[in-house]
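If you want the building blocks of each chain, they are given just below.
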Amino acid sequence: MLLRVLGTAAGGGLPQWNCACPGCAGARAHPHRRRRHASLAVCADQGRAAHDQDRAYDKRLGHDRGRWYLVNVTPDIGDQIEETPELRPGPGPRQSPVAGVILTDAELDHTLGIARLREADGFEIHATAPVREALLDRLRLGDTLDPYTHLEWRELSPEAQPRPQPLGTSGTVEIAAVPVSAKRPRYAVATGPDEPTWVIALRLREAATGRSLLYAPALGHWSDDFQEAVEEADCVILDGTFWDDDEPVRAKISAKTATGMGHLPIAGPNGTARRLAGVRARCLYTHLNNTNPLVDPGAPQHELLGRWGLEVAADRMVIEL
Ligand SMILES: [Zn+2]
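Please read these numbers as outputs of a predicted model, since none were measured by experiment.

### Notes on the overall build of the chain
Then step 1. Within the chain, the secondary structure is distributed over 10 helices and 14 strands.
Then step 2. In terms of overall size, the chain behaves like a compact globule, its C-alpha atoms giving a radius of gyration of 19 Å where 321 residues would be expected to give roughly 20 Å.
Then step 3. Summarising its shape, the C-alpha atoms of the chain cover approximately 55 × 45 × 40 Å along the three principal directions.
Then step 4. Contacts spanning at least 24 positions in sequence make up 67% of the contacts within the chain whose residues lie at least 6 apart.
Then step 5. Carbon and sulfur atoms provide 50% of the accessible area of the chain, an area that totals close to 14500 Å².
Then step 6. Of the charged side chains in the chain, 36 are positive and 43 negative; the average position of the first set lies 4 Å away from that of the second.

### A look at the sheet that holds strand β8 (residues 173-181)
Then step 1. Reading across from one edge, β7-β8-β9-β10-β11-β12-β13 is the order of the 7 strands in this open sheet, with mixed pairing throughout. At either margin of the open sheet sits one strand with a lone partner, and together these are β7 (165-166) and β13 (311-312).
Then step 2. Here 2 bridges tie strand β12 (residues 282-286) to β13, and the two strands are oriented parallel to one another. The residue bridging L284 from the neighbouring strand is E311, located in β13.

### Points about the pattern of salt bridges
Then step 1. Per the stated rule, a full pass over the model turns up 17 salt bridges.
Then step 2. With a shortest N-O distance of 3.7 Å, D79 and R36 are connected by a salt bridge. With D79 in helix α3 (residues 77-82) and R36 in the loop between α1 (22-29) and β2 (39-43), the pair connects residues that are 43 residues apart, well separated along the chain.
Then step 3. R132 is the partner of E155 in a salt bridge, and the nearest nitrogen-oxygen pair spans 3.6 Å. With E155 in strand β6 (residues 150-155) and R132 in helix α5 (residues 129-138), the pair connects residues that are 23 residues apart, well separated along the chain.
Then step 4. For E155, a relative accessible area of 37% puts it in the partly exposed group.

### Some details on α1
Then step 1. Among all positions in α1, only G23, C24, G26 and A27 are buried. When α1 is viewed along its axis, its buried side chains cluster within an angular range of 160° and face the same direction. In this structure, α1 carries P22 and A29 as exposed residues pointing more than 90 degrees from its buried face.

### Examining the packing of aromatic side chains
Two measures describe an aromatic ring pair: the distance that separates the ring centres and the angle between the ring planes.
Then step 1. For the coordinates displayed, the defined rule picks out 2 aromatic pairs.
Then step 2. With centroids separated by 4.9 Å and ring planes inclined at 85°, the aromatic side chains of W222 and F226 adopt a geometry described as edge-to-face. An identical accessibility class is assigned to W222 and F226; each is buried.
Then step 3. Where W243 meets W308, the ring centres are 6.4 Å apart and the plane angle is 10°; that geometry is what we call stacked. Placement of W243 in the loop between β11 (235-239) and α8 (247-250) and of W308 in the loop between α10 (301-307) and β13 is noted, with a sequence separation of 65 residues between them.

### As for the sheet that holds strand β4 (residues 98-102)
Then step 1. Across the sheet, 7 strands lie side by side as β6-β5-β4-β3-β2-β1-β14; this open sheet has mixed pairing. One side of each edge strand has no neighbouring strand; the edge strands of this open sheet are β6 and β14 (318-320). In this sheet, neighbouring strand axes are inclined to one another by 25° on average, regardless of whether the strands run parallel or antiparallel.
Then step 2. Bridge analysis of strand β5 (residues 122-127) against β6 gives 6 bridges, and the strand direction is parallel. By the bridge assignment for β6, H126 is matched with R154.

So, how was this worked out
Residue positions within a chain follow its written sequence, with the count starting from 1. For a predicted model such as this one, the threshold for reporting local features is a pLDDT of at least 70, and the threshold for listing and counting side-chain atom pairs is 80 or more; totals across whole chains, interfaces and linings nevertheless cover every residue. Note that water and hydrogens are dropped before the side-chain values are worked out from all heavy atoms of the structure. Under the scheme used here, helices are H or I runs from DSSP no shorter than 4 residues and strands are E runs no shorter than 2 residues, and both carry numbers assigned from the N terminus. To get the radius of gyration, use the C-alpha atoms; to get the globule rule, take the number of residues to the power 0.38 and multiply by 2.2 Å. Any two residues having at least one pair of non-hydrogen atoms within 4.5 Å are treated as being in contact. Using a 1.4 Å probe, accessible areas were evaluated by the Shrake-Rupley method; residue-level cover was limited to the displayed protein chains. His is not counted, nor are the chain ends; Lys and Arg add positive charge and Asp and Glu add negative charge. Where a charge lies is defined by one atom per residue type, namely NZ (Lys), CZ (Arg), CG (Asp) and CD (Glu). Pairing between two strands requires that DSSP report at least two bridges joining them. We define a salt bridge as a contact between a side-chain nitrogen of Lys or Arg and a carboxyl oxygen of Asp or Glu at a distance within 4 Å. The cut-offs for exposure are 20% and 50% of the maximum accessible area for each residue type, with area from a 1.4 Å probe on protein chains only; residues under the lower value are buried, those over the upper are exposed, and the others partly exposed. In this description, the arc belongs to the directions extending from the helix axis to the C-beta atoms. When the centres of two rings from Phe, Tyr and Trp lie within 6.5 Å, Trp using its six-membered ring, the rings pair. Their planes under 30 degrees apart give stacked, over 60 give edge-to-face, and anything left gives tilted. All axes are obtained by fitting lines to C-alpha atoms, using only the stretch in contact for helices, and the reported angles, taken between N-to-C directions, cover 0 to 180 degrees.

Just geometry here; none of it tells us what the structure is for.
Written out as structure tokens, the structure reads:
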């Protein structure tokens, strides 16, 4: 399974346009520290030689780079596609390898990029029911985009479909959702009971090899189901928004702790690092906020992470499983 990390920053990116905090100032002074909004791309039809129908279809299109799905679509998506050779259009004049979108939640920094894809004839969007409803009923994305493109909604349902669903037509990659938080976006005001599927961790599994990746850019709660998914995965890319629980309060960006904001911190007694330290999978942190000391490559926290056998994901990283 082939994956590309398109971005690794939390909402606002690094640097954030209206912020002069040390993290953002550092990224302005040292462009290699810049991070785009957290996102991932997965190739859904590697090894599709077994699927003759698909092969014929691809041949007709003259396209041999596979079909790619974007996991969350950020305000940076135009630049992220240009920076990733596999996602650039061609060889036909309006031929894109981007086939669809998978959403792990309905947060603005994970969904605003959908409007930028409106030049497509149409594309799939895989999302849980509350996420789809927030985008259709609150953001009015369906009404807005309907004159431009066709959104083909596919439901991600951890309850009704605990078994993995095939992604795309070739079925070489399967997806499954693990609920990790009932936290809804601020624009989606409370209109009904809290849904456990507002935020999910996404499991991507290659059918032929069984190799899998667990992607959880926002993790509010470490459940038994999530623990099981971590143990099964070959690679885990996890919420690294905040280094410790008091960081948002200390940095004066919120009155809430990291956990209160729906992001388990990396370090400390309720941190995710101690849970990940013993697992078999390769583990990388993503979705770094500009207040996180890890945005400075010289910060001593990097050495600590290394000692625990954990990594920080980088923009444009290639992951092959
Ligand atoms: Zn900042």
